[in-house]
Amino acid sequence: MDELPRVSTDKAVGPVDATMVPRFAGPPTFARLPTLSSLDSADVVIAGVPFDSGVSYRPGARFGPAHIRQSSRLLRPFNPALGVAPFGVQQVADAGDIACNPFDIASAIGQIEAAASALLAGGRRLLALGGDHTVALPLLRAVHAVHGPVAVLHFDAHLDTWDTYFGEPYTHGTPFRRAAEESLLDFQHSVHVGIRGPLYDSSDLADSARLGFLAIHCAEIERDGLAAAVSRMTSRLGSAPVYVSVDIDVLDPAFAPGTGTPEAGGMTSRELLAMLRTLSNVVAADIVEVAPAYDHAEITGIAAAHVAYELVSVMAREA
Ligand code: MN
Ligand code: MN
């Protein structure tokens, strides 16, 4: 695999060269990038977290990492929107999947935190491909151990600050309440984007605000426009180190049908990508809730692959 012709620079070993090896061939890594084990070092690592035992409705996000990788084969080396070659100015590598226990959530959370801590060592940035949203909690624990409290930029239809489901504290609807309780997030600089749909109670919104999140609702993006939403988001984030958590259900089901708890009236992929391109100081990120059994024509997988590409591109700002 490492004998293949690659688009490389003096700084980085890049993807397999698509002018030499067809895109439907070659390694099944993200964007056909080199594996972490084939390199001496890396600046950004991409890791799959195939865990979905925390879901409340449709299961299947355990197959998300493989689906996003398959849908990333068409990504090209230069990002014209940002004027950067994200795989050329920094070393990006695919670390494979984190093995996590599908029968025991507490055990899986421990495994994910430990693996993420190892991947973050040496100042590396991490992009995790879920998996359901439960995985954000152990990832945030690992990030907090390196960076202290981070601004959590959370794209989601849902608040994910609920307390318990069936009495259980660790689920895909509760990671940000647990993260707030553990003081993993920066309470002055965290924000939800894309919130919409029915809630359990009006107090859900007050709870979320009390737990440290400003909420930018889809209805506000519709009313005030994207530029106003970007302005609110960036002023909230300030200059804090940022953890970006993208639940793919922030997109409308038209743009991301392959997910566990879809809600009508969501963002377009164009809006989401545009918001991501404004970011800086992103130290780690996740993309979660891609459930390929409900996807077709790779719609959701391609959206997730492009979200990943923009996140790696903005990480190059500090490369
Ligand atoms: Mn969601
Ligand atoms: Mn979520």
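Residues numbered from 1 in each chain as written. Chains lettered and ligands numbered in written order. Predicted model: local features only at pLDDT ≥ 70, side-chain atom pairs only at ≥ 80, totals over all residues. Heavy atoms only, no water.

1. Some remarks on the overall build of the chain
We apply this condition: Numbering of helices and strands runs from the N terminus; a helix is a DSSP stretch of H or I covering at least four residues, while a strand is a stretch of E covering at least two. As a reference, a globule follows 2.2 Å times the number of residues to the power 0.38, and the radius of gyration itself is taken over C-alpha atoms. Only protein chains enter the area calculation, which uses a 1.4 Å probe; residues under 20% of their type maximum are buried, those over 50% are exposed, and those in between are partly exposed. Contacts: residue pairs with any heavy atoms within 4.5 Å of one another.
Broken down by element type, the chain carries nine helices and eight strands. Relative to the globule expectation of 20 Å for 319 residues, the C-alpha radius of gyration of the chain, 18 Å, shows essentially globular dimensions. Counting only C-alpha atoms, the chain reaches 55 × 45 × 40 Å along its principal axes. Buried positions account for 56% of the 319 residues belonging to the chain. Within the chain, residue pairs in contact and separated by at least 24 positions form 75% of the contacts whose partners lie at least 6 positions apart.

2. Observations concerning the coordination of the manganese ion (ligand 1)
The line we're drawing: Metal donors were taken as nitrogen, oxygen and sulfur atoms no farther than 2.8 Å from the ion, or 3.2 Å where the ion is Na, K or Ca. Water is excluded, so coordination may look unfinished.
Taken together, Asp156 (OD), His158 (ND1), Asp247 (OD), Asp249 (OD) and Asp249 (OD) make up the full set of protein donors to the manganese ion (ligand 1), lying 2.0 to 2.5 Å away. Donor residues binding the manganese ion (ligand 1) come from one chain and are separated in sequence as D-x1-H-x88-D-x1-D. A distance of 3.3 Å spans the gap from the manganese ion (ligand 1) to the manganese ion (ligand 2), which aspartate 156 bridges by coordinating each metal. Residue aspartate 156 is located in the loop between strand 4 (151-155) and helix 4 (175-181), and its partner aspartate 249 is located in the loop between strand 7 (242-247) and helix 8 (269-276); the two are separated by 93 residues in the primary sequence.

3. Observations regarding the side chain of serine 245
Rule in force here: Under the rule applied, a polar contact is a pair of N or O atoms within 3.5 Å (in protein, one hydrogen donor and one hydrogen acceptor; residues adjacent in sequence only if both atoms are side-chain atoms).
Along the chain, the position of serine 245 falls in strand 7. A polar contact of 2.8 Å, which involves the side chain of serine 245, links it to the side chain of aspartate 286.

4. Some thoughts on the packing of aromatic side chains
Using the following cut-off: Paired rings are identified among Phe, Tyr and Trp, the last through its six-membered ring, by centres lying within 6.5 Å, and are further divided according to the angle between planes into stacked (under 30 degrees), edge-to-face (over 60) and tilted (the rest).
In the structure shown here, the tally under the stated rule is three aromatic pairs. On the numbers, 5.6 Å between centres and 80 degrees between planes, the contact of tryptophan 162 with tyrosine 200 is edge-to-face. Taken together, the residues span a long stretch of sequence, with tryptophan 162 in the loop between strand 4 and helix 4 and tyrosine 200 in the loop between strand 5 (190-195) and helix 5 (203-210) at a distance of 38 residues. Between the aromatic rings of phenylalanine 176 and phenylalanine 213, the centroid separation amounts to 5.8 Å while the plane-to-plane angle is 70 degrees, which identifies the pairing as edge-to-face. With phenylalanine 176 in helix 4 and phenylalanine 213 in strand 6 (residues 213-217), this residue pair connects regions lying 37 residues apart in the sequence. Of the two residues examined, phenylalanine 176 and phenylalanine 213, each falls in the buried class.

5. Digging into the coordination of the manganese ion (ligand 2)
Taken together, the protein ligands of the manganese ion (ligand 2) are His133 (ND1), Asp156 (OD), Asp160 (OD) and Asp247 (OD), with distances of 2.1 to 2.2 Å. Motif for the manganese ion (ligand 2), donor spacing along one chain: H-x22-D-x3-D-x86-D.

6. Some remarks on helix 3 (residues 136-147)
Heads up, the rule is: A helix is expected to span 1.5 Å for every residue after the first.
The end-to-end C-alpha separation of helix 3 is 16 Å, in line with the 16 Å expected for twelve residues at 1.5 Å each. Of the positions making up helix 3, those classed as buried are Ala136, Leu137, Pro138, Leu139, Leu140, Arg141, Ala142 and Val143. Where helix 3 is buried, its residues meet helix 2 (105-120), strand 3 (125-130), strand 4, helix 4, strand 7 and strand 8 (282-288). Trailing helix 3 by a residue or two, glycine 148 shows a phi angle of about 75 degrees, which is positive.

7. Overview of the nonpolar core
The following threshold applies: Throughout this description, the term nonpolar core refers to a set of buried Ala, Val, Leu, Ile, Met, Phe, Trp, Tyr and Cys residues connected via side-chain atoms within 4.5 Å.
Counting residues in hydrophobic clusters, the biggest one holds 51 residues, and the most contacted among them are Phe30, Leu153, Phe155, Val193 and Val244. Considering each element in turn, this core owes the most residues, ten residues, to helix 9 (residues 299-315). Beyond its immediate sequence surroundings of up to four residues, phenylalanine 155 is in contact with Val193, Met233, Val244, Ser245, Val246, Asp247, Val250, Leu272, Met275 and Leu276. Leu140, Phe176, Ala179 and Tyr243 belong to the second largest nonpolar core, which has 37 residues in total.

8. Here we look at the sheet that holds strand 7
For clarity, the threshold we go by: Should DSSP find at least two bridges between two strands, the strands are regarded as paired. Interaxial angles span 0 to 180 degrees and are taken between N-to-C directions of axes, which are lines fitted to C-alpha atoms, for helices over the stretch in contact.
Taken in spatial order, the eight strands line up as 2-1-3-8-7-4-5-6 in an open sheet, and their pairing is parallel. At either margin of the open sheet sits one strand with a lone partner, and together these are strand 2 (92-97) and strand 6. When strand polarity is set aside, the average angle formed by the axes of neighbouring strands in this sheet is 15 degrees. Strand direction decides the pairing type here: strand 4 and strand 7, joined by five bridges, are parallel. Bridge pairing in strand 7 links phenylalanine 155 to valine 246. Where helix 9 meets the sheet, it contacts strand 1 (44-49), strand 2, strand 3, strand 7 and strand 8, and its direction lies at approximately 175 degrees from that of strand 8.

9. Some words on the packing of helix 7 (residues 226-237) against helix 8
Rules: Here is the rule for handedness: rotate from the far helix to the near one, and if that takes an anticlockwise turn smaller than a right angle the crossing is left-handed, while a clockwise turn gives right-handed. Under the scheme applied, nonpolar residues are Ala, Val, Leu, Ile, Met, Phe, Trp, Tyr, Cys and Pro; charged residues are Asp, Glu, Lys and Arg; polar residues are all the others, including Gly.
Running from N to C, helix 7 and helix 8 point in directions that differ by 35 degrees, and their axes come no closer than 10 Å. Like other packed secondary-structure pairs, helix 7 and helix 8 cross with a definite hand, here right-handed. Residues Leu226, Ala229, Val230 and Met233 of helix 7 lie in contact with helix 8, whose contacting residues are Glu271, Ala274 and Met275. Class assignment for the residues of the contact of helix 7 with helix 8 results in six nonpolar, no polar and one charged.

10. Comments concerning the pattern of salt bridges
To keep it simple, the criterion reads: For salt bridges, the criterion is a side-chain nitrogen of Lys or Arg within 4 Å of an Asp or Glu carboxyl oxygen.
Tallied over the entire structure, the rule returns 13 salt bridges. The salt bridge involving arginine 178 is made with glutamate 181; its shortest N-O contact spans 2.8 Å. Here arginine 178 pairs with glutamate 181, and both are found in helix 4, just three residues apart, close to one helical turn. Between arginine 210 and aspartate 207 there is a salt bridge, with its nearest N and O atoms 3.7 Å apart. Note that arginine 210 and aspartate 207 are positioned in helix 5 at a spacing of three residues, about one turn of the helix.

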